[in-house]
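Per-entry structural report
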Amino acid sequence: MSEVIVHAGGLYTTVQDSGRNGYYELGMPPSGALDQFSCRAANLLAGNEEGAAALEATYIGPKLEFTDERLVAVTGADVPVSRNGEPVPTWQTLRVKAGDVLSFAMITGGARLYIAISGGVGVPEYLGSRSTYTLTGIGGFEGRKLADGDRLPLGEGGAEVREGSEVAEGLRPSFPEVAQLRTVDGLCSYRLTEAAKRSFLETTWKVTKDADRVGYRLRGGKLDFVEREQPFGAGSDPANVVDLGYPIGSIQVPGGDEPIVLLNDAVTGGGYVTIGTVISVDRDRIAQTKTGDQVSFVPVDIEEALAARRERRQRLDRIRTELRSK
Amino acid sequence: MAATTLTLPPAKYSFGGDEFVFVEIDEAMSLEANFKAMTITSALRERGLDGVVDICPSNASYLIRVDPERLHPAELVDELRSLEASAKELTSDKALPTRVVDVPILYDDPWTRETLMRFRDRHQDPDATDLEYAARINGFEGVRQLIDALSGAPYMVTMLGFVPGLPFCYQLVPRDRQIEVPKYVRPRTDTPERAFGYGGAFAVVYPVRGAGGYQLFGMAPGPVFDLKQGLPDFADSIVFPRAGDIFRYRAIDMAEFEQVRGEVEAGTFRYRIREFEFKPGDFLADPDAVNSELLEVLYR
């Protein structure tokens, strides 16, 4: 079986795909690429199915040596990439042959880059997905992030895509100074005072160092709760509720001053007040912010959330169509 | 036919973004609220609606994950509202098929004691153990009496989650007999695997080692999570508990603990499980009678 030799694992590089769905009710989050658009685009450029397993690298990319001829594409964060020391573009179909080495400098924009390889990463499927869930050590490559010296198995097959095919600039994500996260109000937002609800939306929040695949902790304001006698079973803190299920993307506010946005490796439930949910499409956006970056929340309703979802679908369909027509 | 009308407020519906619908039955925990969540979610499961990805009954609420390409979340809410309308009454013919399970616990064990002693600075009462503290604030004469209460009446698994396989368990006793404890002032950074903990009005078994904020009362010799699926009870799932299960946290001694550990390591351990048709209406009418029946069925 053909493999990729991992000379350097990077900071936090894991195998991810479209996710492991249907186990939330057991307490298992779906995992999967945090920035689904970029991961799917990388797969299309490499001739794979959109949901194939690729690599997600955070902040610092890995160093990879190929052992056979493959199509490769790098998307997501802005990052200088080189093949055998020569710069190569991102968001483009590249061809590598046995012995070629792909390496990455520090990212210059965004936070996560995606590396798709034709045939996909060939680790075994676990519960219908190849995504890594490191908390319990399942899926991906031995249930963990890549380490120096790993040999990553590759799959076979995939469509032929002409080398140099690219995703038009206008279809790629941008990384504005303040990432706007569209949010559907609800869950237990009745716990916030009207002033706190306004303040939540007016505040520009800063991403703290506690920002990973489980969730992003933010700082920048203080949200007050409506006074009440705490209901039975909730616990004595005003930020406590009777333990409940957390949607992926939901925003919880332990203590009222540090909102946490849960992402694809979410804890599936707990006892903190949840006040709304970032729409699925904008998990792509928050995934491209890093410690010190700024985010703000923009209220939308369910129809706008679904429209954003359709719009992302259309962008991916356009990429697919354009790659086929060449 | 006996019927118990649920005196609960109307449920609150909201969209958890485009992929989730969250329904809060009540802000307070009660068996009534949980039974209502269970009744609605099991009816939804029976419908087998295309586009429903996950059905997660929670303590006094429930969460549904939906694929909005196949099912519009607003349509799902309409469906759930109609199910709520038909779940107003718990007639005695409404039964939840459940499993009654004997879950042995070594209370006041050396491992959780070692752990809790390391984190006294994060606890409400640094000079007592978690059991001593819980006994005092719940008005028990001592730890022995608290353990008798914890292991006496069975619990219902009212939610699964936080991490894979963690069962939130609510004791099947009227509210005036519920044991309630706060979570740690600041969460611990360590909890042993299979620790038996208690927070708010919920008992849990920690599936894996990790952080935690619940009071530590004991240790289960049997696992609730088995990634390798080596034990027969895990043949179909890496997770043992299911929402709606009824667990009895029976007090055992060190000799039985070691015997069960030996069976787990040999791959032969099986939980004692009995099928049971649990009728919430009957339970609310006479909890003690149903509890005696549960234990009778489990150990006969």
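That block above? That's the structure.
To start, this report covers the structure provided alongside it. Just so it is clear, the structure is predicted and the values come from calculations on it, not from any experiment. (Residues numbered from 1 in each chain as written. Chains lettered and ligands numbered in written order. Predicted model: local features only at pLDDT ≥ 70, side-chain atom pairs only at ≥ 80, totals over all residues.)

A few words on the overall build of chain A. For chain A, the helix and strand inventory stands at four helices and 20 strands. The C-alpha radius of gyration computed for chain A amounts to 20 Å, which stays within 12% of the reference 20 Å derived for 326 residues, consistent with globular compactness. Across its three principal directions, the C-alpha atoms of chain A cover 65 × 40 × 30 Å. Across the 326 residues in chain A, those meeting the buried criterion constitute 52%. A sequence separation of at least 24 residues applies to 76% of the contacts in chain A between residues at least 6 apart. (Helix = DSSP H or I, 4+ residues; strand = E, 2+ residues; numbered from the N terminus. Rg over C-alpha atoms; globule rule 2.2 N^0.38 Å. Buried ≥ 20, exposed ≤ 12 C-beta atoms within 10 Å, placed from the backbone. Contact = placed C-beta atoms within 7 Å.)

With 42 residues of chain B in contact, the opposing surface of chain A contributes 40 residues. The set of elements that each furnish at least two residues to the side of chain B that touches chain A consists of β2 (12-16), β3 (20-24), β4 (52-57), β5 (61-66), α2 (73-85) and β8 (155-160) of chain B. It is β4 of chain B that provides the largest number of residues to the side of chain B that touches chain A, a total of four residues. Here the side of chain B that touches chain A is composed, by residue class, of 26 nonpolar, nine polar and seven charged. (Nonpolar A, V, L, I, M, F, W, Y, C, P; charged D, E, K, R; others polar.)

We now examine the sheet that holds β5 of chain B. Either a parallel or an antiparallel arrangement is found when strands of a sheet pair, and the pairing is made through backbone hydrogen bonds. Residue and element names in this part refer to chain B. Taken in spatial order, the four strands line up as β2-β3-β5-β4 in an open sheet, and their pairing is antiparallel. Edge positions in the sheet fall to β2 and β4, since each has one partner strand and no second. Neighbouring strand axes in the sheet, compared pairwise and without regard to direction, differ in orientation by 15° on average. Of the pairings in the sheet, the one linking β4 to β5 comprises five bridges and is antiparallel in character. Along β5, the bridge assignment pairs I55 with I64. Contacting β4 and β5, helix α1 (residues 31-47) crosses the sheet at an angle of about 160° to β4. (Pairing = 2+ DSSP bridges. Axes fitted to C-alpha atoms, helices over the stretch in contact; angles between N-to-C directions.)

Residue and element names in this part refer to chain B. Axis separation between α1 and α2 bottoms out at 9 Å; the angle between their running directions is 125°. With respect to each other, α1 and α2 are oriented oblique. Crossing angle aside, the handedness with which α1 passes α2 is right-handed. Across from I40, A43 and L44 in α1, the residues of α2 making contact are L80, L83 and E84. Its residues assigned to classes, the contact of α1 with α2 shows five nonpolar, no polar and one charged. (Parallel < 35°, antiparallel > 145°, perpendicular 65-115°, else oblique. Left-handed = near helix turned anticlockwise from the far one by under 90°.)

Another aspect to go through is the pairing of β8 of chain B. Residues and elements named next belong to chain B. The element β8 is extensively covered by neighbouring structure, given that six of its six residues are classed as buried. Relative to strand β9 (residues 167-171), β8 is paired through five bridges, and the arrangement is antiparallel. Of the residues in β9, the one forming a bridge with M156 is Y170. Between the end of β8 and the start of β9, which pair antiparallel, lie six residues, with G161 showing a positive phi angle near 150°. Where β8 and strand β13 (residues 246-251) come together, two bridges link them in antiparallel fashion. Bridge assignment links M156 to a residue of β13, and that residue is I246.

All right, on to the pairing of strand β3 (residues 54-58) of chain A then. Residue and element names in this part refer to chain A. Of all five residues making up β3, five are buried, and the element is well covered by its neighbours. Here β3 shows a buried face lined by A54, E56 and T58 and a second buried face lined by L55 and A57. Sheet topology note: the strand β2 (residues 13-16)/β3 ladder contains four bridges and is antiparallel. In the strand pairing of β3, T13 is matched with A57. When β3 meets strand β10 (residues 109-117), the two strands line up antiparallel, connected through four bridges. Each residue of the ladder has a partner; that of E56, found in β10, is Y114.

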